[in-house]
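These are the residues of each chain, in order.
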Amino acid sequence: MTIAAVLLAAGASRRYGSSDKLLAPLWGTPLVVHAARALRSIAPAHLIAVVRSDDVARVLTGFTITTPKEDAPDQADSLRAGVALASACGASRILVALGDMPFVTADLLKDVVAACTDARPGATTDGDRITPPACFPIIMAAQLMALKGDRGAASLLCNLPARAVVEAEAALLRDIDSPDMLHVAQACSNDTRT
């Protein structure tokens, strides 16, 4: 099995304000680096980051960088850019994670990969919603490339059987969308660090 880990880090941070949330410090490290470390630690065959910012690209050492074609990409645009590169690399599995989810652990990523089969994806849930990180078999590349809009691959994950969904604490699946959310994350104990 050849895994390509795709980190989506090309969002506009509209809800965060004028600065790039992915570069905001969390425990002294840019927010996006926490998600990148978790992906790096599972040692996939390929590390891919989809970015728009040169500054974000600079902090993602070890990642092959790609950029969405669109000037104002939505999540599906970013996903297509990552999937295209993962496919070109010969990946058999595409593990997708979000750059603004700093609490995702390597163990959770491994469980998501294990839940994916040659025929269907694996994903995570907090008990209420199915969410990234998610892993897709390469057979679904064409479906991923056909996605549109800002819901990413949600339509491909909504009817998964229970064995394909890894349950995780809601705290691990939090994303950071505002300075207030970052402030709360800063206050979290060291136990939630990746």
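Basis of the calculations
Residues numbered from 1 in each chain as written. Predicted model: local features only at pLDDT ≥ 70, side-chain atom pairs only at ≥ 80, totals over all residues. Heavy atoms only, no water. Helix = DSSP H or I, 4+ residues; strand = E, 2+ residues; numbered from the N terminus. Rg over C-alpha atoms; globule rule 2.2 N^0.38 Å. Buried < 20%, exposed > 50% of the residue type's maximum accessible area, 1.4 Å probe, protein only. Arc of directions from axis to C-beta. Core = buried A, V, L, I, M, F, W, Y, C linked by side-chain atoms within 4.5 Å. Contact = heavy atoms within 4.5 Å. pLDDT = per-residue confidence, 0-100. Pairing = 2+ DSSP bridges. Axes fitted to C-alpha atoms, helices over the stretch in contact; angles between N-to-C directions.

A. Spotlight on the overall build of the chain. Helices and strands together make up the secondary structure of the chain, namely seven helices and nine strands. Radius of gyration (C-alpha) of the chain: 15 Å, near the 16 Å computed for a compact globule of 194 residues. Principal axes of the C-alpha set define a box for the chain whose edges measure 40 × 35 × 30 Å. A buried classification covers 52% of the 194 residues belonging to the chain.

B. Structural detail: helix α4 (residues 106-115). Among the residues of α4, Leu108, Leu109, Val112, Val113 and Ala115 are the ones counted as buried. Axial view of α4: buried residues confined to an arc of 160 degrees, hence all on one face. Relative to its buried face, α4 has exposed residues pointing more than 90 degrees away, namely Asp107 and Ala114.

C. Looking closely at the nonpolar core. Leu7, Leu39, Leu60, Leu95 and Phe136 are the most contacted members of the largest nonpolar core, which has 69 residues in total. Once residues within four sequence positions are removed from consideration, Leu95 is found in contact with Ile3, Ala4, Ala5, Val6, Leu39, Ile42, Leu109, Val112, Val113, Ala134 and Cys135.

D. How the structure looks around the confidence of the model for the chain. Per-chain confidence: the chain averages 89 in pLDDT, with 90% of residues scoring 70 or above. Per-element mean pLDDT across the chain ranges from 73 in helix α7 (residues 179-187) up to 98 in α4. Low confidence marks residues 189-194, where pLDDT is under 50. Its contacts with residues over four positions away, or in another chain, come to nine contacts.

E. Quick look at the sheet that holds strand β1 (residues 3-9). Taken together, seven strands build an open sheet; the order of strands is β5-β4-β1-β6-β8-β7-β9 and the sheet is mixed. Two strands lie at the open edges of the sheet, namely β5 (64-66) and β9 (165-167), each paired on one side alone. For this sheet the average axis-to-axis angle between neighbouring strands, irrespective of direction, equals 25 degrees. Strand direction decides the pairing type here: strand β6 (residues 93-98) and strand β8 (residues 130-137), joined by four bridges, are antiparallel. Across the sheet, residue Ile94 finds its bridge partner in β8, namely Phe136. Relative to the sheet, helix α1 (residues 31-41) contacts β1, β4 (46-51) and β6, its axis offset from that of β1 by approximately 175 degrees.

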